[in-house]
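Structural features, examined
Each chain, letter by letter, is given below.
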Amino acid sequence: MKKVLTIAGSDCSAGAGIQADLKTIMAHGAYGMSVITALTAQNTSGVFGILAIEPEFIGAQMDAVFTDLMPDAVKTGMITNAESVHIICEKLRAYGAKHIVTDTVMASTSGTAFMKDQALKTAREELFPLASLLTPNIPEAEILSGIAISGRETMQQAAWMISQQYGCSVLCKGGHLADTADDLLYHGGQFYWFRQKQIENPNTHGTGCTLSASIACNLAEGMQMPDAVTAAKTYLTGAIMDGLDLGHGNGPLNHGYHLFK
């Protein structure tokens, strides 16, 4: 059984974050481990509170995992402050972590900012260059590339620019595009388009977490990057199409449990 570590924030409603990642890892038949970077009070309607974990304790969690259960892949998600980013990178380098999939979580689906400016600066300097793959959505890719994205051509330009800056593969997620939900992978000097019509389903809380965790699982199994992304896209699309709604109508997103089949 492959071992996959998620380094991210906790979602008490279990639709995103650590809980989403662990469910996804389990669904892929891998052994999931977690390092919690923050506690959040959130549900599918929004985020109501964030409590950052002390960086030293984040480091202690990582020591406990890596000295006993060496991960075959690592997924990183929500990291709230620069000190936490720094200690995470310090540990990843010290233990020689491989297959690092970084979900560039800057804000929640409902719009709450997760990453402070200094944390993003440190991530750009230390974390992103360690990654095998970055998975920004359109707004995040615009921030990282410094250009506006309006369609396929500018998506390609942004993905190339991000890859050149950080020396990693880039999966630019197209869910924020107007007419399609096409994703774009830039890997090994080539562009790979994943064509996807937008699916009418409001239950998309946690989709980014699920996709990045799925890719990490596939890399842990030895898949090459394009195949790992293809398989993860297939998994996520099928989950969204299932359309299970466990919410009570209190929020626009209802619940993301349906993502884990």
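The structure presented is a predicted model; accordingly, all values stated were derived computationally and were not measured.

**Regarding the side chain of Ser10**
- Within the secondary structure layout, Ser10 lies in strand β1 (residues 3-11).
- The class of Ser10 is buried, set by a relative accessible area of 13%.
- For Ser10, the side chain forms a polar contact with the side chain of Gln19, separated by 3.0 Å.
- Here Ser10 is in contact with Ile18, Gln19, Ile36, Ala38, Leu39, Thr40 and Gln42, once residues within four sequence places are set aside.

**Regarding the pairing of strand β8 (residues 183-187)**
- Of all five residues that make up β8, four are buried, and the element is covered over most of its length.
- Sheet analysis places strand β7 (residues 169-172) next to β8, joined by three bridges and oriented antiparallel. Looking across to β8, one finds that Cys172 is bridged to Leu184.
- Here five bridges tie β8 to strand β9 (residues 190-194), and the two strands are oriented antiparallel to one another. Each bridged residue has a counterpart across the sheet, and for Leu184 the counterpart in β9 is Trp193.
- Taking the residues that link successive antiparallel strands as the turn, the β8-β9 hairpin has two residues, and the phi of Gly188 there is positive, at about 60°.

**Things to note about the environment of Leu5**
- Following the sequence through the fold, Leu5 ends up in strand β1.
- We classify Leu5 as buried; its relative accessible area is 0%.
- Not counting residues within four places of it along the chain, the set of residues in contact with Leu5 comprises Met33, Ser34, Val35, Val65, Phe66, Pro71, Ala73, Val74 and Lys75.

**As for the packing of helix α3 (residues 82-94) against helix α4 (residues 117-127)**
- Running from amino to carboxyl end, α3 crosses α4 at an angle of 15°, the nearest separation of the two axes being 8 Å. By the angle between their axes, α3 is roughly parallel relative to α4. The crossing of α3 and α4 is right-handed. Taken together, the residues of α4 that come into contact with α3 (itself represented by Ala82, Val85, His86, Cys89, Leu92 and Arg93) are Gln118, Ala119, Thr122, Ala123, Glu126 and Leu127.
- Its residues placed into classes, the contact of α3 with α4 shows seven nonpolar, three polar and two charged.

**Digging into helix α6 (residues 152-166)**
- Over its 15 residues, α6 runs 21 Å from end to end, which matches the ideal 21 Å to within 8%, given 1.5 Å per residue.
- Taken together, the buried positions of α6 are occupied by Thr154, Met155, Ala158, Ala159, Ile162, Ser163 and Tyr166.
- Considering only its buried residues, α6 is in contact with α4, β6 (133-134), α5 (138-145), β7, β8 and β9.
- Within two residues after α6, Gly167 carries a phi angle of roughly 70°, on the positive side.

Cut-off values and rules
Residues numbered from 1 in each chain as written. Predicted model: local features only at pLDDT ≥ 70, side-chain atom pairs only at ≥ 80, totals over all residues. Heavy atoms only, no water. Helix = DSSP H or I, 4+ residues; strand = E, 2+ residues; numbered from the N terminus. Buried < 20%, exposed > 50% of the residue type's maximum accessible area, 1.4 Å probe, protein only. Polar contact = N/O pair within 3.5 Å; in protein donor to acceptor, adjacent residues only side chain to side chain. Contact = heavy atoms within 4.5 Å. Pairing = 2+ DSSP bridges. Axes fitted to C-alpha atoms, helices over the stretch in contact; angles between N-to-C directions. Parallel < 35°, antiparallel > 145°, perpendicular 65-115°, else oblique. Left-handed = near helix turned anticlockwise from the far one by under 90°. Nonpolar A, V, L, I, M, F, W, Y, C, P; charged D, E, K, R; others polar. Expected span 1.5 Å × (residues − 1).

The quantities given are spatial measurements derived from coordinates; they are silent on function.
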